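Here's the letter readout for the chains.
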Amino acid sequence: MGVRAHITSAGRSVRAAVRGTARITRRATHAQGAGRSGLGSLIEAQAVNSAADALVAVALVGTIFFGLDVSKARGQVALYLLVTMAPFVLVAPLIGPALDRARSARRVAMAGTMLARGLLCWGMAGAVSHGDQVTFLPAAFGVLVLSKAFGVLRSAVTPRVLPAQITLVTANARASFAGLIAASVIAPVGAGLGALIGPDWLLRIAMLVFIVGAVLGVRLPRHVDAPESAAEPDRAGGRARWRTLLRVGPAVGEAMLANAALRAFSGFLILYLAFLLRDQRFDPVSPNLALGLLAACAGAGGLVGTMIGARMKARAPQLIVFGTLAFTTVVAAVGAIFFGLWAALAVAFVGAFGQSLGKLSMDAIVQREIGEEVRSSTFAVSETLHQLVWVLGGLIGLGMSTGFDGRVAFTSVAAVLGLSLALLIVRRVRRRVPRRSPGRAADEAAQAAAKSP
């Protein structure tokens, strides 16, 4: 079978997968007025974006845990964790403010992030064919940065297409769920195609999917763009923007800190359990089967968290964030008491569940509390913070996997989560209870005495 036949077959497979994904997602995306408001179109763009990202990930996937000696794998994983921070060097200080300034052309900006990634995929395909690392590495870095930029933009524009019948948590969850479905459908198809036609042609197919996403981005409703008259002039430049970000308000600050704890816990769990399950045998389950169960539980936890968020009708995302952190803390403590393979898998499920639901609620708080003039910058800073703590948690997990028993490790992280929750609760109580000076208290007592008969 020739290359052209393989390409034709690959194109048909991808087209069938895309059509099937579109039918599944459209039913959810256009419900409850989302089709009329433009939210459905935004969610479909998110689905195509996730599908293309999945193809890129499959094309570039490398074996980190499998096929390596455990001691060597730890060093490579630690290096990988640090490399994942590289795109965020640009996202927070540069990409976020640039997107804020371009809020009157958000449709073009969203389409641009997809079109640029398509061109970079074409360049990576040629680099893979010729073994050109000089071209490949910067192009891969650019794809990562632009993927984060699209996510920031999607979060920033969601309030502008929100129908009255849907809460922000539900809207964010629907977008995330559509992305998960699209990636879950496309990833195995991409893996099969990669084995047939090679990663270079898979990257070229990803380019075509990105171009479809760019068209969807341009076709979003016009009210996605904020009119110039609604934008406040940035008279003080970047310094004013950063001063505004430092005053995001207590609600946003608490949500970010709670999610930072959940993200760090997620990073810790993934790396700690991945190596623990390779080092420590849980009979009769083999290490590879245990790792597969870990991946399945973490994926299922994230999916369930997204599904629950999509069905939630509550309009108090702050309570969801605190409740999620409390639930995760309790499960981690129980997992420490009854530590074993199934307890570890249960904690992995809840950790992914908490990260997913907490992130959806935090995004809703930012969308509700932060004005459009700095909303993209706020999301960029939030993404950078949470990636930083995820990497930190992962590095701690790597370190503890070398000699710490599961009960000790889970007890430690449960204590840290509990302390974080307690500090947030104390901070919230202090904010809600106004402090009164002694003089003011005396005046109020005197006034009360004067009114009494």
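Residues numbered from 1 in each chain as written. Predicted model: local features only at pLDDT ≥ 70, side-chain atom pairs only at ≥ 80, totals over all residues. Heavy atoms only, no water.

Undergrad: Explanation requested: the overall build of the protein in the structure shown.
TA: Secondary structure summary: the protein contains 17 helices and zero strands in total. Of the roughly 21300 Å² of accessible surface on the protein, a fraction of 66% belongs to carbon and sulfur atoms. (Helix = DSSP H or I, 4+ residues; strand = E, 2+ residues; numbered from the N terminus. Areas by Shrake-Rupley, 256 points an atom, 1.4 Å probe, with all protein chains shown as cover.)

Undergrad: So what exactly am I meant to see when it comes to the packing of helix H7 (residues 133-157) against helix H15 (residues 372-400) here?
TA: What describes two packed helices is the angle between their axes and the distance between those same axes. H15 packs onto H7 with a crossing angle of 130° between their chain directions and a minimal axis gap of 9 Å. Classed by the angle they form, the pair H7 and H15 counts as oblique. The element H7 and its partner H15 pack so that their crossing is right-handed. For the pair H7 and H15, contact is made by Val152, Ser155 and Ala156 and by Arg375, Ser376, Phe379, Ala380 and Glu383, respectively. Per-class residue counts for the contact of H7 with H15 are four nonpolar, two polar and two charged. (Axes fitted to C-alpha atoms, helices over the stretch in contact; angles between N-to-C directions. Parallel < 35°, antiparallel > 145°, perpendicular 65-115°, else oblique. Left-handed = near helix turned anticlockwise from the far one by under 90°. Contact = heavy atoms within 4.5 Å. Nonpolar A, V, L, I, M, F, W, Y, C, P; charged D, E, K, R; others polar.)

Undergrad: Can you walk me through helix H12 (residues 287-311) in this structure?
TA: Every α-helix winds through 3.6 residues per turn, so residues three or four apart in the chain are directed the same way. For H12, which comprises 25 residues, the first-to-last C-alpha distance of 36 Å matches the rise-based estimate of 36 Å (1.5 Å per residue) to within 8%. Buried within H12 are the following residues: Ala290, Leu291, Leu294, Gly301, Gly302, Gly305, Thr306 and Gly309. Buried residues belonging to H12 abut helix H8 (168-197), helix H11 (250-279) and helix H14 (341-369). (Expected span 1.5 Å × (residues − 1). Buried < 20%, exposed > 50% of the residue type's maximum accessible area, 1.4 Å probe, protein only.)

Undergrad: What am I meant to see in the nonpolar core here?
TA: Nonpolar side chains tend toward joint burial in soluble globular proteins. Within the largest apolar cluster, 94 residues are counted, with the highest numbers of intra-cluster contacts made by Met124, Leu273 and Phe410. It is H11 that contributes the most residues to this core, 15 residues altogether. When sequence neighbours within four positions are dropped, the list of residues in contact with Phe410 reads Leu269, Tyr272, Leu273, Ala332, Gly335, Ala336, Phe339, Ala344 and Val347. Counting eight residues, the second-largest nonpolar core is a separate cluster that includes Leu271, Phe275, Trp390 and Leu398. (Core = buried A, V, L, I, M, F, W, Y, C linked by side-chain atoms within 4.5 Å.)

Undergrad: What is the right way to read the environment of Met256 from this model?
TA: Of note, Met256 is situated in helix H11. Here the alpha-carbon distance between Met256 and Val321, two residues 65 residues apart in the chain, equals 9.5 Å.

Undergrad: Is there a simple way to explain the pattern of salt bridges in this structure?
TA: It is possible for side chains of opposite charge to pair when their charged atoms get near one another. In this structure the tally under the stated criterion is seven salt bridges. In this structure, Arg117 engages Asp53 in a salt bridge whose closest nitrogen and oxygen atoms are separated by 3.1 Å. Here Arg117, found in helix H6 (residues 106-130), pairs with Asp53, found in helix H3 (residues 39-60); they are 64 residues apart in sequence, far enough to count as distant. Residues Arg117 and Asp53 agree in their burial class; the two are buried. Between Arg368 and Glu369 there is a salt bridge, with its nearest N and O atoms 3.0 Å apart. The exposure class assigned to Glu369 is partly exposed, which follows from its relative accessible area of 42%. What emerges from the salt-bridge pattern is a single network uniting Lys359, Asp363 and Glu383. (Salt bridge = Lys/Arg side-chain N within 4 Å of Asp/Glu carboxyl O.)

Undergrad: Please explain the packing of aromatic side chains as it appears in this structure.
TA: When we look at a pair of aromatic rings, we describe it by the centre distance and by the angle of the planes. On inspection of all chains with the given rule, the structure shows three aromatic pairs. Here Phe268 and Tyr272 contribute two aromatic rings whose centre-to-centre distance is 5.2 Å and whose plane-to-plane angle is 10°, an arrangement assigned as stacked. Highlighted residues: Phe268 and Tyr272, both in helix H11, separated by four residues, approximately one helical turn. Between the aromatic rings of Phe339 and Phe410, the centroid separation amounts to 5.3 Å while the plane-to-plane angle is 80°, which identifies the pairing as edge-to-face. Highlighted residues: Phe339 in the loop between helix H13 (317-337) and H14 and Phe410 in helix H16 (residues 406-432), separated in sequence by 71 residues. Both residues of the pair, Phe339 and Phe410, belong to the buried class. Note that Arg204 overlies the ring of Trp201, its terminal NZ or CZ placed 4.5 Å from the centroid. (Phe/Tyr/Trp six-rings, centres within 6.5 Å; stacked < 30°, edge-to-face > 60°. Lys NZ or Arg CZ within 6 Å of the ring centre and 35° of its normal.)

Undergrad: Teacher, can you tell me more about the side chain of Glu254 here?
TA: Among the structural elements, Glu254 can be located in helix H11. On the accessibility criterion, Glu254 (0% relative accessible area) is buried. For Glu254, the contacting residues outside a window of four places in its chain are Gln318, Phe322, Leu424, Arg427, Arg428 and Arg431.

Undergrad: Would you explain the environment of Ile166 in this entry?
TA: Position of Ile166 relative to the elements: it lies in the loop between H7 and H8. The class for Ile166 is buried, based on a relative accessible area of 1%.

Undergrad: Looking at this structure, I do not really get a nonpolar patch on the surface. What am I missing?
TA: A contiguous nonpolar patch, built from Leu115, Leu119, Leu208, Ile211 and Val215 and spanning about 450 Å² of accessible area, is present on the exposed surface. Of all the elements, helix H9 (residues 199-218) adds the most residues to the nonpolar patch, at three residues. In this structure, Leu208 sits in helix H9. (Patch = residues over 30% accessible without salt bridge, like charges linked within 9 Å, V, L, I, M, F, W, Y side chains within 5 Å.)

Undergrad: Looking at this structure, I do not really get the confidence of the model for the protein. What am I missing?
TA: Keep in mind that low pLDDT regions are not for reading the predicted coordinates in detail. With 75% of its residues at a pLDDT of 70 or more, the protein has an overall mean of 79. Put simply, helix H10 (residues 238-245) is where the protein has its lowest mean pLDDT, 50, and H13 is where it has its highest, 92. Throughout residues 229-237 the model reports pLDDT below 50, and contacts reaching past four residues in sequence, or to other chains, amount to six contacts. (pLDDT = per-residue confidence, 0-100.)

Undergrad: Mind showing me how you'd approach the packing of H14 against H15 here?
TA: Following both chains from N to C, one finds H14 and H15 inclined at 155°, their axes separated by 11 Å at the closest point. Judged by the inter-axis angle, H14 sits roughly antiparallel to H15. Here H14 and H15 pass one another in a crossing that is right-handed. Seen from H14, the contacting residues are Gln355, Lys359, Met362, Asp363, Val366 and Gln367; seen from H15, they are Arg375, Thr378, Phe379, Ser382, Glu383, His386 and Trp390.

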